[in-house]
Amino acid sequence: MSRQLSDSRDNFLVFGAPCIEQPEIDEVVSCMQSAWLGTGPKVARFEEEFKSYKHTAHAVAVNSCTAALHLSILVAGLKPGDEVITTPLTFCATVNAIIHAGGTPVLADVDPDTMNIDPAEVEKKINHRTKAIIPVHFAGRPCNMNALCRIARENELVLIEDCAHAIEAEYHGKKIGTFGDLSCFSFYVTKNLVTGEGGMILTNEKEYADRLKILALHGMSSDAWSRFSDEGYKHYMVTEPGFKYNMMDLQAAIGIHQLKRIESYWKRRKEIWNLYNRAFNELPITLPAQADADTRHAYHLYPVLIDEKQTGISRDAFLSAMNDRNIGTGVHYLSIPEHPYYQKTFGWIPEDYPHAMKIGRKTVSLPLSAKLSDKDIEDVIVAARKIVLK
């Protein structure tokens, strides 16, 4: 294969490497030359352009999707002990945000094919303490929003979408992130749109948006831009104990131009996804399910399942073999109940969520980024085929 096997990492294919182009660099330089690095006009511009892209009334930029989730749960009015149902197949931030907000996380297993939270399992977990549902659009695949919206409506539950993987996704002609009362996005360095670190909250409720902005910056009644702009100094009042969750102009400077190319990047990832499907179709591994009818997959991750009984190699051995060939991979995710903290705190047992457990123990995410060259893709395909067919 063309990617050399060696101890050198000069030729290492980094998993999830972002595609950064000259306009982002120029915008960041402009930001630094302006001396306005914190929350200012570029953040305001990014918020306006993102909410325009998603067709929502309000957008609040923050410093991570974790912050977005935490604040969304707080403004939704959850109280200590209130239960929030979410998926066991997600990054720990989804569950941690519930805990930090004083809520009690409750897990509902996933559908084994879509890997998204199963609405039927959600309904089983609802009781008088349940106050919210947080579905995660796993790998960029839209959840069953018809069913989840019905469940939320019938049980008077707040619906908070975790859209960290799903910026471009659509469900029945409607953009993901516009179904819930609030929705949260990630612009982490491996995501479809990057700002290095960063997140966004969308909502159509002005009351939510106003409080989100206050909570995101120490609970102050006006943000730094309005306080120090050329319109004159404005005194602030602290209305509640908030957080340091604001996004910087330095971050927004990157996001503004990433957003302009989001559709072209989506098309490139879709092309790579289809190349993988064709290359791996006859291998004894489980490929990701095709996108459901009348939906748009965001193609954030390309997860395959490695079953040692079928392939003759374990998932972890496959990961190591790819790494030895200078190709980075990911694991999305070891199910939440596998982790010792949650076992100790909530008594969760992986076997109680069998689909998430099975996926978490067998899954491998292959590189899927607009930055990948044709040669990079060929290297991934050749390496994976050689390892499985050895």
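Just above, that's the structure.
Residues numbered from 1 in each chain as written. Predicted model: local features only at pLDDT ≥ 70, side-chain atom pairs only at ≥ 80, totals over all residues. Heavy atoms only, no water.

A word on the side chain of D307. On the secondary structure map, D307 appears in the loop between strand 11 (302–305) and helix 11 (308–311). Polar contacts involving the side chain of D307 include one to the main-chain amide nitrogen of K309, which spans 2.9 Å. Polar contacts involving the side chain of D307 include one to the side chain of K362, which spans 2.9 Å. (Helix = DSSP H or I, 4+ residues; strand = E, 2+ residues; numbered from the N terminus. Polar contact = N/O pair within 3.5 Å; in protein donor to acceptor, adjacent residues only side chain to side chain.)

Before going further, it helps to spend a moment on the nonpolar core. F46, M145, F187 and M200 are the most contacted members of the largest nonpolar core, which has 38 residues in total. When residues of this core are traced back to their parent elements, those giving at least two are helix 2 (41–54), strand 1 (58–62), helix 6 (145–154), strand 9 (199–203) and helix 9 (249–260). Take this core: its biggest share by element is five residues, from helix 6. When near neighbours in sequence (up to four residues on either side) are disregarded, F187 contacts F46, F50, I167, L193, V194, T195, G196, E197, G198, G199, M200 and M247. Core analysis: the second largest hydrophobic core is formed by 30 residues, M322, I327, L372 and V388 among them. (Core = buried A, V, L, I, M, F, W, Y, C linked by side-chain atoms within 4.5 Å. Buried < 20%, exposed > 50% of the residue type's maximum accessible area, 1.4 Å probe, protein only. Contact = heavy atoms within 4.5 Å.)

Here three strands make up an open sheet; going across it, the order is 7-6-10 and the pairing antiparallel. Of all the strands in the sheet, the pair left with one neighbour each is strand 7 (174–175) and strand 10 (295–296). As paired strands, strand 6 (residues 170–171) and strand 7 are joined by two bridges and run antiparallel to one another. When the bridges of strand 7 are listed, Y171 appears paired with K174. (Pairing = 2+ DSSP bridges.)

All right, on to the packing of helix 12 (residues 315–324) against helix 15 (residues 374–388) then. At a minimum axis separation of 10 Å, helix 12 and helix 15 run at an interaxial angle of 135°. Taken together, the axes of helix 12 and helix 15 lie oblique to each other. Relative to helix 15, helix 12 is oriented so that their crossing is right-handed. Residues F318, A321 and M322 of helix 12 form the contact with helix 15, whose own contacting residues are V380, A383, A384, I387 and V388. Residue composition of the contact of helix 12 with helix 15, grouped by class: eight nonpolar, no polar and no charged. (Axes fitted to C-alpha atoms, helices over the stretch in contact; angles between N-to-C directions. Parallel < 35°, antiparallel > 145°, perpendicular 65-115°, else oblique. Left-handed = near helix turned anticlockwise from the far one by under 90°. Nonpolar A, V, L, I, M, F, W, Y, C, P; charged D, E, K, R; others polar.)

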